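Each chain, written out:
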Amino acid sequence: MARKPLLSLADVERPRFEGIGGPDAPLPDDGIDIELPDDEGTMVDGAMLTEEDDGGVTVDFEPEEEDKGDPEDHDANLAEFMSDMDLSGLGEQLMSGVEDDKDSRGEWEATMQRGIELLGLKIEERTTPFQGACGVFDPLMAEAVIRWQAVARGELMPSMGPVNTQVVGVSTPAIEDQASRVKDWMNLYLTQLAPEYYEEFDQMLMWLPLVGSTFKKIYQDPVLGRPVARFITPENFIVSYGTSDLTTSQRYTHVTSITKKQLRLSQLAGMYRDIDLGEPQEDLDQGTPVRAAVNATQGINPGAEGSDEYRIYEVYADLDLPGFENLDNIPLPYTVSIDEESRKVLGIRRNWKQGDVAFAKRDRFVHYKFIPGLGFYGLGYAHILGNSAKTATSIRRQLIDAGTLNNFPGGLRVKGMRIEDNNLGIGPTEFREIDTGGLPIQNAIMPMPYKEPSSVSLELLKETYEGARGLANTAEIAVGEGRQDAPVGTTVALMEAATRVQSATLKRSHKALDRELKMIAELFGEFLPEAPYPFPVRGGKAAIMRKDFSDEIDVIPISDPNISSSAQRMMRAEALLRFATQQPDIHDLRAAFQQMYVEMGVDPDRIAMILPNKEPEQEAKALDPLSENQNAIVGKPLKAAEYQDHDAHIAAHAPIAENNPALQAHINEHLALKMRVQVQQMIGQPLPPAGEPLSPEIENQLAIMVAQAMQQLAPQYKAQPEQKPDPFAQVEMAKLQQRNEDSQRDADTKLQIAAMDTRSEAEDRQSKERIAAMRTEAEMVRSLPPQFNGGR
């Protein structure tokens, strides 16, 4: 019979964020020492046996029934309300299915194990083919993994935080402020308030390119009182290899290891049934093949001292539980916790949101996939480069061993020849004595005919490298070499072609991160306090609350899935700056420079110092004629007003307006306002403000009155007759035109000379290249054996 919880975790003081609670989750060992109460008794065949202090035993044949809670409670442990027979059958059924899932991925797991070994993190001491033979691993696998991890770390996990937000629907200032609060809070949380997040994500990015699949579990931790995103290695996440994805999978399993203390705390908190599991089994086989390879690489031998941890299988499956059937007998999503050794069910909980009438399975896991495989799990470099890395390692060892044997050869000696030291090492300018028994020394000693390292093997190693790097897309990109005047589009296209595989893998990781961030935001929207929760931001404080995580705000990664490297980003920013510099009239130069500094990683405060905000444009005001003339000369804006004396202003502006287009436009503005004033005087009423919408009736009446008034005003606004040209002005214009033509001819001549120089340089360079090619060909012919070059 299950016992009533004797201790609540709420009674234990521990650091937590104010107002943030959470549902059930496995308890981590956080170092808190709790003194557990003594056992109140043991149930045997329905009777309670209690040991007394004097050594006697009290038997209670009618023990009081303990309160097991309400099975209708959404978070209740349903295992407390099921019979032992039903629980035993359920445990056997699920564990049998989990073992089948493990067997289905055996080949994939074995390849992953070999890939971990080929990383070369373990130093091997070999005795074959001779004592001290080379045991190095080729760095091909490690180079590919570390290179990808470094790029992904920089793209997905920037120092300022991985989160960005965007508004869904119509944007308003209030919605924009809400999106900014959500972004600031989540970046602060993931970079500082959850210190384990970046470290575990960094470790996950090391596993992902190697093994092809990694997993994150996102849930609300009741001990920490906040959302966590735990990294799960693929060995501890079991899914049938034939499954397409987690959403449609009917069963997947998360394997966790907990200590005896953690298990006891979970039982006392009511998370697991309070039953005896015995002692943990010693993990003599080191778990899965992947775990064995990792332990061997790290020099860990857990089987030497045994283990004090229980392995708990959290099985997420659709079940039709006895006693909890629905009317349509449709299997519903549950989470079942089972001890691996005893196969006893510790807990069963509903895996859908409370109040969800559709009983939709609640997603708690995110699958990061490197390259899609033929089944559920992805492919990593262990699968793609495994054969190449193994071949390169074998060739490298052969080359090193051949060099060792050639430099320090062994051999044979005549039996009976006396020598003080069998391993006779002779240094420079040193001569040793040996007794050859009267035989010539060349007949008494024969060195083995070891050869130097083969050039064929070296070529094979190079070809293996080239093929593997081409397959994995890990070759270096020499962006700084080549033509400096090459078009930016050409350079960007070459970079995209060279990083296409890497870009595809980063896009998959970007999509998985997007799903992870949305799940974390969903937990905040469920467990944050209703009242504003203050948190620090740059330059002050802000506040976040539960309702900020609404449907109007979408949480997305700050990384760009279309850019796979900082070099690409810099090239695009440089192209943008170049275009803005070439056409400043249609570009914002300040924004272009700001984008360049952002891509360079310059701190926002320093950018603000380098690029101060632009001064707001001065609003034009109606002024006196002299002030307007002065503003026109220095390029300040001009504005006319309806109340001004337009004829006087026009007369004041006309003498200097000939070579000032802005002042000419200002005169036309005065003419337009003068026309408006005259029309109003003639029709006897003010006109409505310009641009104001009018009803069709009023607009038609107004059009008739304005037309009648304009008939009388037309002679004033007719174009003036053309004035006769000034002969002196014509002479000056001809001289100016001649000077312009002379300057154009000089410019054309200089362009032609530059083009001729460029063609000459190109022809000279091509000639040198042809000569170099001919010399190279001649050298190759001379290096061939006589039978291939005609005996020359």
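Scroll up to find the structure this text is about.
Residues numbered from 1 in each chain as written. Predicted model: local features only at pLDDT ≥ 70, side-chain atom pairs only at ≥ 80, totals over all residues. Heavy atoms only, no water.

**Notes on the sheet that holds strand β7 (residues 237-239)**
Inference 1: Pairing is antiparallel in the open sheet, where five strands are placed in the order β7-β8-β9-β10-β11. Each edge of the open sheet carries a strand with a single partner, namely β7 and β11 (345-350). With strand direction ignored, the average angle separating the axes of adjacent strands in the sheet is 20 degrees.
Inference 2: Where strand β10 (residues 332-339) meets β11, five bridges bridge the pair, whose relative direction is antiparallel. Bridged to V336 within β11 is I348.
Inference 3: Lying over the sheet, helix α1 (residues 84-104) contacts β7, β8 (251-259), β9 (309-319), β10 and β11, oriented at roughly 95 degrees with respect to β9.
Inference 4: The strands touched by helix α6 (residues 260-268) within the sheet are β8, β9 and β11, with β8 carrying the most contacts at an inclination of about 110 degrees. (Pairing = 2+ DSSP bridges. Helix = DSSP H or I, 4+ residues; strand = E, 2+ residues; numbered from the N terminus. Axes fitted to C-alpha atoms, helices over the stretch in contact; angles between N-to-C directions. Contact = heavy atoms within 4.5 Å.)

**Overview of the packing of aromatic side chains**
Inference 1: Summed over all chains, the structure comprises 22 aromatic pairs.
Inference 2: Here W148 and F370 contribute two aromatic rings whose centre-to-centre distance is 5.2 Å and whose plane-to-plane angle is 80 degrees, an arrangement assigned as edge-to-face. A residue pair is termed long-range when its members are at least 10 positions apart, and W148 in helix α3 (residues 140-156) and F370 in the loop between β12 (365-369) and α8 (381-384) qualify at 222 residues.
Inference 3: Classification of W148 as buried rests on a relative accessible area of 2%.
Inference 4: Note on F215 and Y377: the rings are 6.4 Å apart at their centroids and 90 degrees apart in plane angle, and the pair reads as edge-to-face. Here the residue F215 occupies a position in strand β5 (residues 213-221), and Y377 occupies one in the loop between β12 and α8, the gap between them amounting to 162 residues. Across the pair, exposure class does not vary: F215 and Y377 are buried alike.
Inference 5: Chaining the aromatic ring pairs together yields one cluster made of W108, F215, F237, Y241, Y252, Y316, F365, F376 and Y377.
Inference 6: Stacked on the ring of F137, the Lys or Arg R397 has its end atom at 4.8 Å from the ring centre. (Phe/Tyr/Trp six-rings, centres within 6.5 Å; stacked < 30°, edge-to-face > 60°. Buried < 20%, exposed > 50% of the residue type's maximum accessible area, 1.4 Å probe, protein only. Lys NZ or Arg CZ within 6 Å of the ring centre and 35° of its normal.)

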